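Structural description and commentary
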Amino acid sequence: MIYDFGLHLGIAFQLQDDYLDAYGNPETFGKQVGGDIIENKKTYLYLKAIEYASSNQKEQLMHLYSIKPQDNFEKIESVKELFVATGAADATQKAIQEYTLKAFDTLDRLEIQNDKKSILRAFGENLMGRKV
């Protein structure tokens, strides 16, 4: 069960990392916003956008992920707009919440001392408490 706790928390963390890469505040996130978009990384946001997109939106997104412009500002903004318009941004936030809850539900079922559970819970809450 400790493995499952770590697995669910790790997935939630990665999804949140991808989300913050697109929508985070660079001052609090500590990275350049839009780095995954600039690098054309096929994150959960991208995959959900492709899944939910209309044919026109899908074509636009695939085009944006095939180019490497000199100035990335418009590309980043356009991709982020598509993530919102397709519902991928909301789906990602929902998945983050679901995996976080799965991790904490698993932790609650672990048969370990409560003080040890408290340490793991605090670790998970700190990890998932990163701000946009």
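**Some details on the overall build of the chain**
Each helix and strand counted, the chain has eight helices and zero strands in total. Mapped from its N terminus to its C terminus, the chain presents α and β elements in the order α-α-α-α-α-α-α-α. Across the 132 residues of the chain, 42% fall into the buried class. Of the contacts formed within the chain by residues at least 6 apart in sequence, a portion of 66% connects residues at least 24 apart.

**Thoughts on empty space enclosed by the protein**
According to the stated counting rule, one finds one cavity of 30 Å³ or more in the structure shown. The volume enclosed by the largest cavity comes to roughly 40 Å³. Taken together, Asp 18, Asp 21, Ala 22, Asp 36, Ile 37, Thr 43, Leu 45, Tyr 65 and Phe 83 form the lining of the largest cavity. Among the elements of the structure, α1 (2-23) and α3 (35-38) are those that each provide at least two residues to the lining of the largest cavity. Here the lining of the largest cavity gets three residues from one element, more than from any other, and that element is α1. For the lining of the largest cavity, a count of residues per class yields five nonpolar, one polar and three charged.

About the cut-offs
Residues numbered from 1 in each chain as written. Predicted model: local features only at pLDDT ≥ 70, side-chain atom pairs only at ≥ 80, totals over all residues. Heavy atoms only, no water. Helix = DSSP H or I, 4+ residues; strand = E, 2+ residues; numbered from the N terminus. Buried < 20%, exposed > 50% of the residue type's maximum accessible area, 1.4 Å probe, protein only. Contact = heavy atoms within 4.5 Å. 1 Å grid on protein atoms, 1.4 Å probe; cavity = no way out; pocket = protein on both sides within 12 Å on 5 of 7 lines; lining within 4 Å. Points joined across faces, edges and corners; volume = space filled by probe spheres on them. Nonpolar A, V, L, I, M, F, W, Y, C, P; charged D, E, K, R; others polar.

This is a description of form; function is not addressed.
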